[in-house]
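Coordinates in review
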Amino acid sequence: MTRTVDTTHELAVFLRTRRERLAPRDVGLPLRARSRRTPGLRREEVAELAGVSIDYIVRLEQGRGLRPSSNVVEALAHALRLAPDERTYLFDLAQRRPRHAGDAAVEASPQLAALVADLSPLPAMVMNHRYDIVAWNDEIARLLLDFDTLPPSQRNAMWLCLMHPGMRDVYVDRERVVREGIAHLRAAWAAHPEDLQLAARIEEFIARDAEFARLWAERDVKVNGRGLKVLRHPVVGMISVYFEVLMPIQDADQRLVIYRAADDESRSALDRLRSQ
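Just so it is clear, the structure is predicted and the values come from calculations on it, not from any experiment. (Residues numbered from 1 in each chain as written. Predicted model: local features only at pLDDT ≥ 70, side-chain atom pairs only at ≥ 80, totals over all residues. Heavy atoms only, no water.)

So, the packing of aromatic side chains
Using the criterion set out here, one finds 5 aromatic pairs in the structure. Where F212 meets W216, the ring centres are 5.7 Å apart and the plane angle is 10 degrees; that geometry is what we call stacked. Placement of both F212 and W216 in helix α11 (residues 210–217) is noted, with a separation of 4 residues, approximately one turn of the helix. Assigned by exposure class, F212 and W216 land together as buried. Through a chain of ring-to-ring contacts, the aromatic side chains of W189, F205, F212 and W216 assemble into a single cluster. The ring of W216 has R186 lying over it, and the distance from NZ or CZ to the ring centre is 3.9 Å. In this arrangement the basic side chain of K229 is found over the ring face of F243, its NZ or CZ atom lying 4.9 Å from the centre. (Phe/Tyr/Trp six-rings, centres within 6.5 Å; stacked < 30°, edge-to-face > 60°. Helix = DSSP H or I, 4+ residues; strand = E, 2+ residues; numbered from the N terminus. Buried < 20%, exposed > 50% of the residue type's maximum accessible area, 1.4 Å probe, protein only. Lys NZ or Arg CZ within 6 Å of the ring centre and 35° of its normal.)

Next comes the structure, spelled out in structure tokens:
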């Protein structure tokens with residue numbers, strides 16, 4: 001049975017894993033004489049840092065249905081030294097952040113589709129929060145894959161990276177790309193807890209790909225809006241590209257992804273690719 005986000009359970013596990021990643025010295029606490037049988041901070045130390053009772057921390061980590069206030073969520077985020085994306089994730093799990101309205105975009109708005117075409121010769125595409133690819137130009141199809149040849153159910157950036165045999169060796173640093181994609185997908189999962197199709201995708205990935213299952217269980221959370229990727233292209237060889245992800249104000253569930261060459265050699269390779 002497909003499950004959406006069990007926010008109570010996920011909140012409990014997330015708090016526990018983040019507590020276990022910290023040592024007293026990370027948060028400015030002195031080492032206690034009593035030996036530690038388990039890694040990380042003790043619950044009483046988190047309670048002290050967050051200004052709540054030990055019993056409250058215990059009940060949160062046991063998933064006993066508590067819904068902490070915004071002030072408590074903020075205090076926990078500070079106590080656990082959460083990064084900005086992890087803090088947002090915690091607020092989503094506690095249901096203390098405004099929910100995203102509407103369903104996932106299944107096609108690009110006409111204005112965005114036209115912009116993607118106009119961005120040529122830069123490779124560009126539009127994705128929704130599930131990583132479904134809903135618009136693209138010829139340049140990115142030549143660089144990655146001819147999306148027109150795929151059924152709509154397979155036009156998903158994470159599915160292609162994990163499942164498509166022609167894409168498994170495209171990224172030079174594949175584990176980093178997959179890890180970052182999963183960290184981004186986890187943030188989307190918490191922000192859209194009623195999205196059955198997203199939940200089904202994640203369950204499919206966990207069941208079919210051991211690497212995804214391992215990295216998903218680590219509960220890393222990070223929204224990566226720009227960076228560098230190095231690709232192996234079967235025709236023109238190695239290409240390094242910077243990517244930028246932009247979110248239009250008018251189309252909140254659509255993300256415009258733009259690639260540009262990171263060096264002269266990659267620029268020449270993209271020029272050769274366009275001439276094919």
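Comments concerning the packing of helix α10 (residues 196–208) against α11
In the contact formed by α10 and α11, the axes pass within 5 Å of each other and the chain directions differ by 115 degrees. When α10 is examined against α11, the residues I202, F205, I206 and R208 are found in contact with a partner set consisting of A210, F212, A213 and W216. Partitioned by chemical class, the residues of the contact of α10 with α11 number 7 nonpolar, no polar and 1 charged. (Axes fitted to C-alpha atoms, helices over the stretch in contact; angles between N-to-C directions. Contact = heavy atoms within 4.5 Å. Nonpolar A, V, L, I, M, F, W, Y, C, P; charged D, E, K, R; others polar.)

Some details on empty space enclosed by the protein
If a probe as big as a water molecule is rolled over the atoms, it shows which places are left empty. In this structure the tally under the stated criterion is 3 cavities of 30 Å³ or more. Every residue lining the largest cavity is counted, 28 residues in all, and those nearest its centre are M127, Y131, A157, G181 and K229. Contributing elements (two or more residues each) for the lining of the largest cavity: β1 (124–127), α8 (157–163), α9 (174–191), β4 (237–246) and β5 (255–261). In the lining of the largest cavity, the residues fall into 20 nonpolar, 5 polar and 3 charged. (1 Å grid on protein atoms, 1.4 Å probe; cavity = no way out; pocket = protein on both sides within 12 Å on 5 of 7 lines; lining within 4 Å. Points joined across faces, edges and corners; volume = space filled by probe spheres on them.)

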